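Spelled out, the chains give:
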Amino acid sequence: MEFDDGISRMKKGTSKTTLALVVVVTCVVVTAITVPLTYFLHPDKTSPGSSDSQKGDCPTVAPTSGPSQPPVMVEDHERVNCFPGWDDYSEEECLKRGCIYSEPAMDKDAPICYFPSDYGGYRMVGKEEVTLSGLRVTLDRIASTPSLFGGDIERLLLDVEFHSEYRLRIKFYDPANSRFEVPLAIPRLSGTKPENTKYHVTFTQNPFTLKVTRKDTGTVLWDTSLGPLIFSDQFLQITTKLPSSNIYGFGENEHPSFRHDIKWKSWGMFSRDQPPGGDGNLYGVHPFYMNLEEDHNAHGVFLLNSNAMDVALQPAPALTYHTTGGILDLYIFLGPTPENVVQQYTEAIGRPVMPPYWSLGFQLCRYGYNSLDRVKEVVAGMRQYDIPLDIQYGDIDYMERQMDFTVSADRYDGLGEFVDELKNNGTHYIIILDPAIPANETAGSYPPYDRGVIDDVFIKTEDGQSILFGKVWPDLPDIFVNTSKEWEYQVANYRAHAAFPDYMKKSTKDWWAKLIDEFHDEVAFDGIWIDMNEPASFVEGSTSGCSDNKYDNAPFHPRIYGARLADKTACMNAVQHDTELTLTQHYNMHSLFGWSQSHPTLVANEAATGKRGIVISRSTYPGSGKYVGHWLGDNTSIWPHMHKSIIGMMEFNLFGVPYIGADICGFFENTTIDLCRRWMQLGAFYPFSRNHNGLGFEPQDPAAFGADFAKDSRDVLMIRYTLLPYLYTLFYEANTMGSTVVRPLMHEFTSDSATWSIDTQFLWGPALLISPALEQDQVVVDVYVPEGPWYVFQTGEQVDRTVEKTKVKIPTPMDQINLHVRGGYILPTQQPANSTVFSRVLPFGLIVALDGDQSARGRLYWDDGESIDPLGTGDYNLVDYLAANRVLQSTIIHPLPTLMADLVLDDITIHGVKGQVSKVMYQNMDLEGDKWIIDNDKMIVTISNLNHPMDENFLITLED
């Protein structure tokens with residue numbers, strides 16, 4: 001009766017307040033016996049922030065009692081939203097939650113409904129208990145605290161674990177009932193508590209709050225006193241004050257700036273097949289942030305939780321996590337430098353993978369070559385202009401009807417032989433594989449599905465017995481897809497049912513590895529690109545929809561795309577494994593799907609090829625970088641996406657995924673010659689450097705625009721190839737120490753506040769500054785010059801030191817990019833070629849950039865470029881270089897003479913040399929005059945044709 005009456009009042013257009021009250025009362029009365037109002041009031045799709053994103057869900061369970069005292073008012077900037085994820089609610093609904101309803105005094109963007117400062121939450125029971133690993137606190141829910149979404153956990157345990165002097169863990173969980181925990185192993189660094197920690201942990205009892213303080217400065221890094229702790233079955237919330245507004249990280253999203261805007265901005269995290277182009281959640285999930293404190297110290301915080309969530313930033317400064325399940329499992333890393341923070345974070349989640357050397361070369365791909373003949377034409381064009389090409393890709397059009405482990409017999413006949421020919425000419429080949437396995441083939445005709453059924457590898461429906469089917473790329477047999485049809489019609493009528501592997505099971509890993517190995521016998525690929533692994537589906541939930549259940553109709557919906565969590569993916573109540581033996585719902589595992597696929601794919605690739613390969617994954621999670629690289633998704637051929645690619649690169653280096661890049665020249669839409677020229681310049685300095693565009697758009701490979709464009713592309717790629725030994729050494733340091741490869745200026749010049757917001761320039765490691773042109777018709781670039789000295793890469797000239805710590809307008813013609821080498825560093829180089837297969841045998845060089853004290857340091861890591869574990873086997877060479885007091889010398893730290901046999905060091909340029917040089921000594925002997933020259937105006941000493949064996953140390957002295 002109330003339900004009918006509510007609908008009739010809705011039709012009459014009653015006020016928002018009345019309608020909202022009806023919805024609340026109706027939900028409490030009838031949700032147990034009917035379909036939730038979500039189905040009536042939600043649109044099919046909604047973007048983050050839409051007022052439709054929560055209408056109709058049951059917003060609250062009415063409290064049994066409210067606060068005993070009048071609520072305490074809160075200043076605008078410290079208001080914590082009492083209706084997260086909602087844009088449409090009434091004053092009565094707000095008051096029911098025990099919150100304050102009032103317009104902001106000054107900040108119009110501050111929430112109208114917010115928690116009072118004495119709201120409650122939980123209280124401590126007794127005193128904290130000292131444990132072997134730290135402290136334990138028992139917490140009881142304060143009885144007068146209203147319930148937001150029901151299912152509140154009455155008693156919690158808090159474990160504070162002291163993992164090291166610079167890392168601690170804060171874990172809130174339900175001691176009475178097992179709840180989902182992310183199966184990412186983060187080992188303690190020792191079995192006992194560290195004696196001297198850099199942090200101090202304190203509590204208040206009622207209401208409970210927690211503080212983490214940096215001992216040496218007194219800075220409070222984590223402080224939960226601003227908002228209430230909420231821990232219910234499907235809604236968890238925790239708020240912390242921030243020591244400063246300099247916050248970086250969280251993802252994967254298309255952030256407009258590297259340093260976050262904290263003016264009431266929320267970012268959702270839930271893996272989704274979503275191209276960049278808005279402010280919602282994209283392919284991966286990374287609930288990690290770094291905060292730079294006002295005194296230039298830095299710390300990081302990681303929430304180990306994989307459920308759908310968002311994080312709300314506010315100008316207090318503060319942030320609030322909201323998540324739909326699991327536990328609150330937080331790790332805090334104390335740095336104190338930004339690089340230390342990333343190193344400590346990757347120490348916990350796993351150091352980045354060491355890519356093969358060839359994967360640092362230039363790569364070419366498109367969706368829609370549509371025939372092997374066209375691929376051959378593109379490769380021939382690259383060779384015609386002598387443009388470097390280390391990797392050619394096969395996108396899904398190489399397959400028969402987009403089905404994994406097949407080759408189109410008519411369009412790609414002879415692919416295997418072509419790949420063999422490519423490799424003989426120095427080019428590797430990478431295939432794409434999607435996780436969705438077609439299920440409509442005749443029994444016995446498609447082994448991947450038939451074997452998968454026998455081996456029980458697929459995600460199941462809620463009954464745990466039936467395979468869950470979605471629809472992705474594979475077409476139905478014997479049907480030609482007319483691409484002019486409407487997309488929804490294609491999906492409904494032409495797409496095959498597809499099953500999703502459960503990669504946490506051993507049987508699935510074995511099945512996947514066998515298929516990859518067998519396909520390698522047909523096409524001898526070198527690496528694998530795993531796409532659509534959010535997992536993506538073209539139907540919501542499944543081909544038969546989703547049942548009415550608490551997972552697909554969760555009471556809280558974060559600020560993410562889609563009206564329901566199953567939008568563009570599987571039903572949330574689908575059954576899969578979180579470990580080999582433990583079942584859980586897709587609700588918990590969804591954002592882990594790409595992560596769970598990554599390691600089995602890398603292992604299978606290595607087993608099939610017998611060599612180190614590379615896996616590129618679209619969906620990532622903390623720890624993915626241990627196995628895979630990533631590209632920034634299906635971007636668009638527009639100028640702003642160049643800038644945003646720099647932000648994305650810097651963020652993924654924070655996340656421990658340094659093998660990162662964007663689709664050069666853009667994926668969607670037709671590029672322009674000027675845009676593509678500038679993007680090729682920028683993309684030459686992506687760690688993962690790939691030109692890739694989409695189906696139906698104009699070709700944009702470097703040979704497609706003619707000879708002038710080809711020359712410009714070749715020139716900038718030759719700079720990249722010259723610097724590959726330096727880049728490879730940076731990856732060695734990332735793999736062994738967790739350092740970043742692409743580095744924000746802020747990481748190296750932390751005390752310079754001007755660098756804290758710079759995201760149009762970036763560094764390779766500590767020493768190479770890249771400042772691209774990012775705007776249409778731009779021929780002058782404002783380059784911020786940090787403290788130096790700095791040297792122009794192309795000329796060796798020193799930048800005027802009077803302009804350091806200022807912006808300089810640098811003329812940047814259309815065929816140039818601004819590159820500067822930092823004084824105090826030595827960069828190893830190598831003569832370039834059109835493939836790393838050929839460049840690796842050419843002579844090495846050194847760029848020696850002296851600092852103000854006439855000193856510099858550098859390092860070269862070198863292995864065979866493709867062995868699976870050279871660091872484990874010791875099959876590598878490591879050389880340190882040092883310049884000081886007019887002496888330059890090398891010291892081989894880890895020798896492997898057989899690796900360096902026949903390799904020589906030929907060319908050395910020393911920049912910033914002060915004083916006269918009348919003689920150069922090499923190995924304590926005069927160096928012939930025709931092998932060195934000095935340019936006194938530019939203060940550069942150039943040594944050529946040294947022919948020094950790379951397996952021997954050298955000593956070079958500059959004498960007056």
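Provided above is the structure to which this section pertains.
Worth saying up front: this structure is predicted, and the values here are computed from it rather than measured.

Cut-off values and rules
- Residues numbered from 1 in each chain as written.
- Predicted model: local features only at pLDDT ≥ 70, side-chain atom pairs only at ≥ 80, totals over all residues.
- Heavy atoms only, no water.
- Helix = DSSP H or I, 4+ residues; strand = E, 2+ residues; numbered from the N terminus.
- Rg over C-alpha atoms; globule rule 2.2 N^0.38 Å.
- Buried < 20%, exposed > 50% of the residue type's maximum accessible area, 1.4 Å probe, protein only.
- Contact = heavy atoms within 4.5 Å.
- Areas by Shrake-Rupley, 256 points an atom, 1.4 Å probe, with all protein chains shown as cover.
- Lys, Arg positive; Asp, Glu negative; His and termini not counted.
- Charge placed at Lys NZ, Arg CZ, Asp CG, Glu CD.
- Pairing = 2+ DSSP bridges.
- Salt bridge = Lys/Arg side-chain N within 4 Å of Asp/Glu carboxyl O.
- Expected span 1.5 Å × (residues − 1).
- 1 Å grid on protein atoms, 1.4 Å probe; cavity = no way out; pocket = protein on both sides within 12 Å on 5 of 7 lines; lining within 4 Å.
- Points joined across faces, edges and corners; volume = space filled by probe spheres on them.
- Nonpolar A, V, L, I, M, F, W, Y, C, P; charged D, E, K, R; others polar.
- Phe/Tyr/Trp six-rings, centres within 6.5 Å; stacked < 30°, edge-to-face > 60°.
- Polar contact = N/O pair within 3.5 Å; in protein donor to acceptor, adjacent residues only side chain to side chain.
- Disulfide = S-S within 2.5 Å.

A. How the structure looks around the overall build of the protein chain. Each helix and strand in the protein chain was counted, giving 20 helices and 52 strands. Relative to the 2.2 N^0.38 estimate, which gives 30 Å for 960 residues, the radius of gyration of the protein chain is 29 Å and therefore close to what a compact globule would have. By its C-alpha atoms, the protein chain is 100 × 70 × 55 Å across when sized along the principal axes. Looking at the protein chain residue by residue over its 960 residues, the buried ones come to 62%. Partitioning the contacts of the protein chain with sequence separation of at least 6, the portion at a separation of at least 24 is 71%. As displayed, the protein chain offers around 34,100 Å² of accessible surface, 50% of which is attributable to carbon and sulfur atoms. Distance between charge centroids for the protein chain: 4 Å, based on 76 positive and 126 negative side chains.

B. Representation of the environment of Asp-279. Considering the arrangement of structural elements, one finds Asp-279 in the loop between strand S14 (265-269) and strand S15 (281-292). When the C-alpha atoms of Asp-279 and Arg-559 are compared, they prove to be 9.9 Å apart, with 280 residues separating the residues in sequence.

C. Expanded view of the environment of Pro-843. Examined against the element boundaries, Pro-843 turns out to sit in the loop between helix H18 (836-839) and strand S42 (844-849). Residues Pro-843 and Pro-699, 144 residues apart in the sequence, show an inter-C-alpha distance of 35 Å. Once you skip the residues sitting within four places of it in the chain, Pro-843 turns out to touch Gln-830, Gln-831, Val-904 and Asp-906.

D. Spatial organisation of the environment of Glu-952. Summarising the element assignment, Glu-952 is placed in the loop between strand S51 (948-949) and strand S52 (955-959). The class for Glu-952 is partly exposed, based on a relative accessible area of 43%. Put simply, Glu-952 and Pro-895 are 57 residues apart on the chain and 9.1 Å apart in space, counted from C-alpha to C-alpha. With residues near it in sequence (within four places) discarded, Glu-952 still touches Ser-890 and Ile-892.

E. How the structure looks around the pairing of strand S43 (residues 856-862). Of all 7 residues in S43, 5 are buried, a share of seventy percent or more. Summarising the sheet, strand S41 (residues 825-830) and S43 pair through 2 bridges and their orientation is parallel. Bridging from a neighbouring strand, Ile-826 pairs with Gly-858 of S43. Pairing analysis gives 7 bridges linking S43 to strand S44 (residues 877-884), with the strands arranged antiparallel. Across the sheet, residue Arg-859 finds its bridge partner in S44, namely Asp-880.

F. The arrangement of the sheet that holds strand S40 (residues 818-822) in detail. Pairing within the open sheet is antiparallel, and its 5 strands lie in the order S34-S35-S36-S40-S38. The open sheet terminates on both sides in strands that have one partner only, identified here as strand S34 (742-743) and strand S38 (790-792). With 3 bridges joining them, strand S35 (residues 762-764) and strand S36 (residues 768-771) adopt antiparallel strand pairing. Across the sheet, the residue bridging to Trp-764 is Leu-768, located in S36.

G. How the structure looks around the pattern of salt bridges. Applying the stated rule across the entire model yields 46 salt bridges. Here Asp-233 makes a salt bridge to Lys-550, at a shortest N to O gap of 2.9 Å. Taken as a pair, Asp-233 in the loop between strand S11 (230-231) and strand S12 (236-241) and Lys-550 in the loop between strand S26 (527-530) and strand S27 (575-577) lie far apart in primary sequence, 317 residues in all. Looking at Asp-233, the relative accessible area reads 27%, which means it is partly exposed. Between Asp-456 and Lys-460 there is a salt bridge, with the nearest N and O atoms lying 2.7 Å from each other.

H. Here's a closer look at helix H12 (residues 593-609). With 17 residues, H12 should cover 24 Å at 1.5 Å per step; its first-to-last C-alpha distance of 25 Å lies within 8% of that length. Burial analysis of H12 places 14 of its 17 residues in the buried class, the great majority of the element. One or two residues past the end of H12 sits Gly-610, with phi positive at roughly 75°.

I. Geometry of empty space enclosed by the protein. Here the structure, examined in full by the defined rule, presents 8 cavities of 30 Å³ or more. Roughly 180 Å³ of volume is contained in the largest cavity. Put simply, the parts of the chain that give the lining of the largest cavity at least two residues each are strand S13 (246-253) and helix H13 (640-654). With 7 residues, H13 is the largest single contributor of residues to the lining of the largest cavity. Considered class by class, the residues forming the lining of the largest cavity number 6 nonpolar, 6 polar and 4 charged. The wall of the second largest cavity is formed by Val-848, Leu-850, Gln-854, Ala-883, Ala-884, Arg-886, Val-887, Leu-888, Ile-910, Ile-956, Thr-957 and Leu-958. Looking at the lining of the second largest cavity, the elements with two or more residues in it are S44, strand S45 (887-894) and S52. In the lining of the second largest cavity, the residues fall into 9 nonpolar, 2 polar and 1 charged.

J. How the structure looks around the packing of aromatic side chains. A full pass over the atoms with the stated rule returns 44 aromatic pairs. The interplanar angle of 70° and the centroid separation of 5.8 Å between the aromatic rings of Phe-333 and Tyr-345 together place this pair among those described as edge-to-face. You can see Phe-333 sitting in strand S19 (residues 328-333) and its partner Tyr-345 sitting in helix H5 (residues 338-349), a full 12 residues away along the chain. Both rings, one in Phe-405 and one in Trp-512, keep their centres 5.6 Å apart while their planes meet at 80°; by these two values the pair is edge-to-face. Here the residue Phe-405 occupies a position in the loop between strand S21 (391-394) and helix H7 (415-424), and Trp-512 occupies one in helix H10 (residues 506-522), the gap between them amounting to 107 residues.

K. Molecular detail of the side chain of Asn-877. Residue position: Asn-877 is located in strand S44. One polar contact links the side chain of Asn-877 to the main-chain amide nitrogen of Leu-896, over a distance of 3.0 Å.

L. Local environment of the pairing of S44. Bridging between S44 and S45 involves 7 bridges; their strand directions are antiparallel. From the neighbouring strand, Tyr-881 faces S45, where its bridge partner is Ser-890. The hairpin formed by S44 and S45 contains 2 residues between the paired strands, and Asn-885 there has a positive phi angle of roughly 55°.

M. Spotlight on the state of the cysteines. A full pass over the atoms with the stated rule returns 4 disulfides. Here Cys-665 pairs with Cys-676 through a disulfide, and the sulfurs are 2.0 Å apart. Judged by the torsion about the S-S bond (85°), the Cys-665/Cys-676 disulfide is right-handed. Placement of Cys-665 in the loop between strand S32 (663-664) and helix H14 (673-683) and of Cys-676 in helix H14 is noted, with a sequence separation of 11 residues between them. You can call Cys-676 buried: its relative accessible area is 0%. Cysteine Cys-365 is unpaired, with the sulfur of Cys-665 as its nearest cysteine sulfur at 13 Å.

N. Here's a closer look at the side chain of Lys-505. Positionally, Lys-505 belongs in the loop between strand S25 (495-499) and H10. Residue Lys-505 is classed as buried on the basis of its relative accessible area of 10%. Once you skip the residues sitting within four places of it in the chain, Lys-505 turns out to touch Asp-456, His-577 and Glu-580.

O. Quick look at the sheet that holds S11. Taken in spatial order, the 5 strands line up as S11-S12-S18-S17-S14 in an open sheet, and their pairing is antiparallel. Each end of this open sheet is capped by a strand with a single partner; those strands are S11 and S14. Note that S11 and S12 share 2 bridges and pair antiparallel. Across the sheet, residue Ile-230 finds its bridge partner in S12, namely Gln-237.

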